[in-house]
Amino acid sequence: MEKKISVIFGDGIGPEVTKQAIKVLDAIARVYNHRFRYEYLSMGAEAIAKTGDPLPEATIEACLASDATLVGAVGHPRFDNNPLTTVRPEQGLLRLRKAMGLYANIRPVKSYTSLAHLSALKPAQLEGVDIMIIRELTGGIYFGQKTLSDDGNRATDECIYNREEIERVAHLAFQYAKQRRGKLTMIDKANVLETSRLWRKTVQEIATQYREVMVDYMFVDNAATKLILQPRQFDVVLIENMFGDILSAEASVFGGSIGMLPSAAIGEGHALFEPIHGAYPQAAGKDIANPLGAILSAAMLLDHFNLKDEAGKVRLAVEWTIHNGFVTKDIDPVNFYFTTTIGDMIADLIVDKSPSELHEDNIQLRKSTII
Ligand code: IPM
Ligand code: MG
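Residues numbered from 1 in each chain as written. Chains lettered and ligands numbered in written order. Predicted model: local features only at pLDDT ≥ 70, side-chain atom pairs only at ≥ 80, totals over all residues. Heavy atoms only, no water.

Peer 1: Before we go on, may I ask you to explain the overall build of the protein in this structure?
Peer 2: For the protein, the helix and strand inventory stands at 14 helices and 12 strands. Taking 371 residues into account, the globule formula puts the C-alpha radius of gyration at 21 Å, and the protein, at 21 Å, falls close to it. Overall, the protein is about 60 × 50 × 45 Å in size when its C-alpha atoms are taken along their principal axes. Of the roughly 16300 Å² of accessible surface on the protein, a fraction of 53% belongs to carbon and sulfur atoms. Of the side-chain charges in the protein, 40 are positive and 47 negative, and the distance between the mean point of each set is 2 Å. (Helix = DSSP H or I, 4+ residues; strand = E, 2+ residues; numbered from the N terminus. Rg over C-alpha atoms; globule rule 2.2 N^0.38 Å. Areas by Shrake-Rupley, 256 points an atom, 1.4 Å probe, with all protein chains shown as cover. Lys, Arg positive; Asp, Glu negative; His and termini not counted. Charge placed at Lys NZ, Arg CZ, Asp CG, Glu CD.)

Below, the structure written as structure tokens:
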């Protein structure tokens, strides 16, 4: 199979984690005889520095013309701490999601028992957590009109949803629920927000077409606590854009670190894959960032190409490293391995190098000695 993949390294740790994902894709290409052609494009703070625009036209065109897009991360503190800036790195990603019509963001969250002892949560609470968050991605408060009064003392962000926007992502969530444990939880704030009431009404109507799926409805504040206290009750979660951003970041504690979580943004015809973590500028260039979110996003990209065996092989290799304690600093601040070491290890496992050949010397050398 031959595929053209647009790659956007972005900012902070974006380049280093994305390079590991590409290393893994190249290993897959070697083993299964595929050809992946990459085109490297600009977005975010690095694009602003080069062109003044967080999403140059060339990036949009290339992403629309490729079979899939892989993104690292965008963002830079010099914009975060300056509320007066009107051009921001995040605008690049938001505009790209919109331009590619990526209305659904699929964020799988699961716990790893071998990491339970490193978690802030109790091991019993972590056992068997397996949640599929389906976040609406191109509507709501993120994309409504924004205003700031001339005197700078009044600001608004409009939250708009229409029935079609809700229906298309809801159908996708029901499809997932059908193929999984048959449960869908719709999370909203229908006791306060009109948009949430439209969500609830629309989802209730759609639910009649999926009798085999059990649906329950939960207010987002309640869901924020239930997610931590009783995570196993969640199977598929359907959620609007901003609440989905927040709760998926909260749910990342189950994996051990936000650095582990991948996502797929899909729509009609286009797809983009990105870890859910941010640019983490403090770690940039230090080879300490967790590459698993990016690598597992590459596995989702393989699934999207219908390369199921290949995606499975990546996930198995990832699980092997986790299970054997080869983790980055965010997971284990004492005994940690470097970003590139983990990437090499996973690529080696894919090409069927036995674990004993995994540059054992390098691993020992690079292992932290702060015990
Ligand atoms: C995410 C991120 C983005 C979002 C930012 C970078 C715009 O937090 O993908 O979760 O809020 O959607
Ligand atoms: Mg987020």
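Peer 1: For this particular structure, what's the right way to read the nonpolar core?
Peer 2: Nonpolar side chains in soluble globular proteins generally cluster together in the buried interior. Of all hydrophobic cores here, the largest spans 75 residues; its most connected members are Phe36, Leu184, Leu238, Val314 and Ile346. Two domains share this core, each providing at least three of its residues, namely domain 1 (1–103 + 260–371) and domain 2 (120–255). Excluding residues that lie within four positions of it along the chain, Leu238 makes contacts with Ile134, Val169, Ala170, Ala173, Leu184, Thr185, Met186, Ile187, Trp199 and Val203. Residues Leu121, Ile131, Phe243 and Leu261 belong to the second largest nonpolar core, which totals 21 residues. (Core = buried A, V, L, I, M, F, W, Y, C linked by side-chain atoms within 4.5 Å. Buried < 20%, exposed > 50% of the residue type's maximum accessible area, 1.4 Å probe, protein only. Domains from an automatic or database assignment. Contact = heavy atoms within 4.5 Å.)

Peer 1: Explanation requested: the environment of Arg37 in the structure shown.
Peer 2: On the secondary structure map, Arg37 appears in strand β2 (residues 35–41). Classification of Arg37 as partly exposed rests on a relative accessible area of 36%. The spatial distance from the C-alpha of Arg37 to the C-alpha of Leu198 is 43 Å, given a sequence separation of 161 residues. Contacts of Arg37, omitting those with residues within four sequence positions, involve Glu2, Lys3, Lys4 and Ile5.

Peer 1: Please clarify how the site of ligand 1 should be interpreted in this entry.
Peer 2: Every residue lining ligand 1 is accounted for by Glu90, Arg97, Arg107, Arg135, Tyr142 and Asp245. Contacts to ligand 1 include Arg97, whose side-chain N or O atom sits 2.7 Å from an oxygen atom. Between ligand 1 and Asp245, the relevant distance is 2.9 Å, taken from an oxygen atom to a side-chain nitrogen or oxygen of the residue. Protein burial of ligand 1: of its 320 Å² of free accessible surface, 80% is covered by the chains. (Near = heavy atom within 4 Å. Polar contact = N/O pair within 3.5 Å; in protein donor to acceptor, adjacent residues only side chain to side chain.)

Peer 1: Help me understand the pairing of strand β1 (residues 2–10) in this model?
Peer 2: Consecutive side chains along a regular strand alternate between the two faces of the sheet. Strand direction decides the pairing type here: β1 and β2, joined by 7 bridges, are parallel. Its bridge partner being in β2, Lys3 is matched across the sheet by Phe36. For the handedness criterion, the β-α-β arrangement of β1, helix α1 (residues 14–32) and β2 is classed as right-handed. Two strands pair when backbone bridges link them, and β1 and strand β3 (residues 68–73) are joined in this way by 5 bridges, in the parallel orientation. Each residue of the ladder has a partner; that of Ile5, found in β3, is Ala68. (Pairing = 2+ DSSP bridges. Right-handed = clockwise from strand over helix to strand, strands pointing away.)

Peer 1: Even after reading the chapter, I still don't get the environment of Glu274, so can you show me in this structure?
Peer 2: The residue Glu274 is located in the loop between β12 (271–273) and α11 (292–304) in this model. Judged by relative accessible area, which is 4%, Glu274 ranks as buried. Spatially, the C-alpha atom of Glu274 lies 6.1 Å from that of Pro262, the residues being 12 residues apart in sequence. When near neighbours in sequence (up to four residues on either side) are disregarded, Glu274 contacts Val71, Leu93, Arg97, Pro262, Ser263 and Ser297. There is a polar contact of 3.0 Å between the side chain of Glu274 and the side chain of Arg97.

Peer 1: Is there a simple way to explain helix α12 (residues 308–323) in this structure?
Peer 2: An α-helical turn contains 3.6 residues, so a residue and the one three or four places further along point in the same direction. When the terminal C-alpha atoms of α12 are compared, their 22 Å separation across 16 residues agrees well with the 22 Å that a helix rising 1.5 Å per residue should span. Among all positions of α12, only Glu310, Ala311, Val314, Ala317, Val318, Thr321 and Ile322 are buried. Buried residues of α12 fall within an arc of 140 degrees about the axis and therefore sit on the same side. With respect to the buried face of α12, the exposed residues turned more than 90 degrees away are Asp309, Leu316 and His323. Trailing α12 by a residue or two, Gly325 shows a phi angle of about 80 degrees, which is positive. (Expected span 1.5 Å × (residues − 1). Arc of directions from axis to C-beta.)

Peer 1: It is not clear to me how the packing of α1 against helix α13 (residues 339–350) should be interpreted in this structure. Could you clarify?
Peer 2: In a packed pair of helices, the relevant descriptors are the angle between the two axes and the axis-to-axis distance. Running from N to C, α1 and α13 point in directions that differ by 10 degrees, and their axes come no closer than 9 Å. On the basis of their axis angle, the class for α1 and α13 is roughly parallel. Taking contact as the criterion, the partners of Glu16, Gln20, Lys23, Val24, Ala27, Ile28 and Val31 in α1 are, on α13, Thr339, Thr340, Gly343, Asp344, Ile346, Ala347 and Ile350. Residues of the contact of α1 with α13, tallied by class, amount to 7 nonpolar, 4 polar and 3 charged. (Axes fitted to C-alpha atoms, helices over the stretch in contact; angles between N-to-C directions. Parallel < 35°, antiparallel > 145°, perpendicular 65-115°, else oblique. Nonpolar A, V, L, I, M, F, W, Y, C, P; charged D, E, K, R; others polar.)

Peer 1: What exactly am I supposed to notice about the sheet that holds strand β5 (residues 130–136) here?
Peer 2: Ordered in space as β2-β1-β3-β12-β11-β4-β5-β10-β8-β9, the 10 strands form an open sheet in which the pairing is mixed. Either end of the sheet is taken by a strand with one partner, and the two such strands are β2 and β9 (214–219). Mean inter-strand twist for the sheet, computed between neighbouring axes without regard to direction, equals 25 degrees. Sheet strands in contact with helix α9 (residues 220–229) are β5, β8 (183–188) and β9, and its direction is about 105 degrees off that of β9.

Peer 1: Please explain the domain arrangement of the protein as it appears in this structure.
Peer 2: Interfaces are frequently sized by the accessible area removed from exposure as the parts join. As far as domains go, the protein holds domain 1 (1–103 + 260–371) and domain 2 (120–255). Taken over C-alpha atoms, the centre of domain 1 sits 25 Å from the centre of domain 2. Each side of the interface is counted separately: domain 1 has 11 residues, and domain 2 has 13 residues. Where domain 1 abuts domain 2, roughly 1100 Å² becomes buried across the two surfaces, and 71% of that area is made up of carbon and sulfur atoms. If you look at where domain 1 meets domain 2, you find 0 salt bridges. Between domain 1 and domain 2 we count 2 residue pairs in polar contact (both at pLDDT 80 or more) in total. Mapped by element, the contributors of at least two residues to the side of domain 1 that touches domain 2 are α5 (89–99) and β11 (264–266). Per-element tally for the side of domain 1 that touches domain 2: the top contributor is α5, with 3 residues. Looking at side-chain class alone, the side of domain 1 that touches domain 2 contains 9 nonpolar, no polar and 2 charged residues. (Buried area = accessible area lost by both parts, 1.4 Å probe. Salt bridge = Lys/Arg side-chain N within 4 Å of Asp/Glu carboxyl O.)

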